[in-house]
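# Results of the structural survey
Residue strings, one per chain:
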Protein chains: 2
Amino acid sequence: MSTNTYQVTGMTCGHCEMSVREEVGEVPGVEEIQVSAETGTLVVTGPAEESKVLAAVDEAGYSAVRVG
Amino acid sequence: MSTNTYQVTGMTCGHCEMSVREEVGEVPGVEEIQVSAETGTLVVTGPAEESKVLAAVDEAGYSAVRVG
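Note that the coordinates shown come from a computational prediction; the quantities given were computed from them, not determined experimentally.

Hydrogen bonds between backbone groups are what pair the strands of a sheet, and the pairing can be parallel or antiparallel. All names here are of chain B. The four strands are arranged E2-E3-E1-E4 in an open sheet whose pairing can be described as antiparallel. With one partner strand each, in any of the chains shown, strand E2 (32–36) and strand E4 (63–66) form the two edges of the open sheet. For this sheet, the mean inter-axis angle between neighbouring strands, taken without regard to orientation, is 25°. Looking at chain direction, E2 and strand E3 (residues 41–45) are connected through five bridges and run antiparallel. Within the sheet, the bridge partner assigned to Ile-33 lies in E3 and is Val-44. Helix H2 (residues 50–60) rests against strand E1 (3–9), E3 and E4 of the sheet, and its axis sits at about 155° to E4.

Here the focus is H2(B). Residue and element names in this part refer to chain B. Regarding H2, the residues found buried are Val-53, Ala-56, Val-57 and Ala-60. Each buried residue of H2 lies within a common arc of 100° when the element is viewed along its axis, so the set occupies one face. In H2, the exposed positions angled more than 90 degrees off the buried face are occupied by Asp-58 and Glu-59. Those residues of H2 that are buried are in contact with E1, helix H1 (14–25), E3 and E4. At the C-terminal side of H2, Gly-61 shows a positive phi close to 105°.

With that settled, the discussion passes to the UniProt feature "domain: HMA" (unreviewed entry) in chain A. Following the UniProt record, one finds the feature "domain: HMA" (unreviewed entry) at residues 2–65 of chain A. Taken end to end, residues 2–65 of chain A is 36% helix and 31% strand, and its two terminal C-alpha atoms sit 17 Å from one another.

Moving on, we come to the relation of the copies chain B and chain A. With an RMSD of 0.0 Å, the operation that places chain B on chain A is a rotation of 179° combined with a shift of 0.0 Å along the axis. The transformation just described matches what one would write down for a two-fold rotation axis. Looking at chain B, 100% of its interface residues are interface residues in chain A too, so the copies touch through the same face.

Moving on to the interface of chain B and chain A. Taken together, the contact between chain B and chain A spans six residues of the former and six residues of the latter. Between chain B and chain A, roughly 410 Å² of surface is buried when both sides are summed, and carbon and sulfur atoms account for 58% of that area. Linking chain B with chain A are three residue pairs in polar contact (both at pLDDT 80 or more), by the criterion used here. Grouping the constituent residues of the side of chain B that touches chain A by class yields three nonpolar, three polar and no charged.

A few words now on the environment of Thr41(B). Residue and element names in this part refer to chain B. In this fold, Thr-41 is placed in strand E3. When the C-alpha positions of Thr-41 and Tyr-6 are compared, they lie 5.9 Å apart, and in sequence the two are 35 residues distant. With residues near it in sequence (within four places) discarded, Thr-41 still touches Thr-5, Tyr-6, Gln-7, Met-11, Gln-34, Val-35 and Ser-36. Side chain to side chain, Thr-41 and Thr-39 meet in a polar contact 3.0 Å long.

Conventions used here
- Residues numbered from 1 in each chain as written.
- Chains lettered and ligands numbered in written order.
- Predicted model: local features only at pLDDT ≥ 70, side-chain atom pairs only at ≥ 80, totals over all residues.
- Heavy atoms only, no water.
- Pairing = 2+ DSSP bridges.
- Helix = DSSP H or I, 4+ residues; strand = E, 2+ residues; numbered from the N terminus.
- Axes fitted to C-alpha atoms, helices over the stretch in contact; angles between N-to-C directions.
- Contact = heavy atoms within 4.5 Å.
- Buried < 20%, exposed > 50% of the residue type's maximum accessible area, 1.4 Å probe, protein only.
- Arc of directions from axis to C-beta.
- UniProt positions renumbered as here; feature names shortened; annotations may be inferred.
- Least-squares fit on C-alpha atoms with pLDDT ≥ 70 in both.
- Buried area = accessible area lost by both parts, 1.4 Å probe.
- Polar contact = N/O pair within 3.5 Å; in protein donor to acceptor, adjacent residues only side chain to side chain.
- Nonpolar A, V, L, I, M, F, W, Y, C, P; charged D, E, K, R; others polar.

Printed below as a string of structure tokens:
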């Protein structure tokens, strides 16, 4: 199972985490999400396309880059 | 028309503003709400009871004191 890590800019609180979680959760192939506003980290498990994960984060109102 | 100003602790982003706005908007007598996470200010217009406004902010997950 693939796990990709993204650095997300702009999350400040639990509401922000929830927004990212909701949008990324709609991406096909996403099976598990870990997200932390404190560290700005998003970890996505499952066969989801990176471009779609990035687009979902953008849709939530933040920006991300894949770092691992 | 009375206007009361509160200082709210803990709001960090627009989602936080929205949470406060939603809860305070349910208080009887509230006619207009201005809220800013940047300044931590909540301005409530209308004949609402201070204790109910404070309780609504608490319900949203923040704390407030009346300052004006």
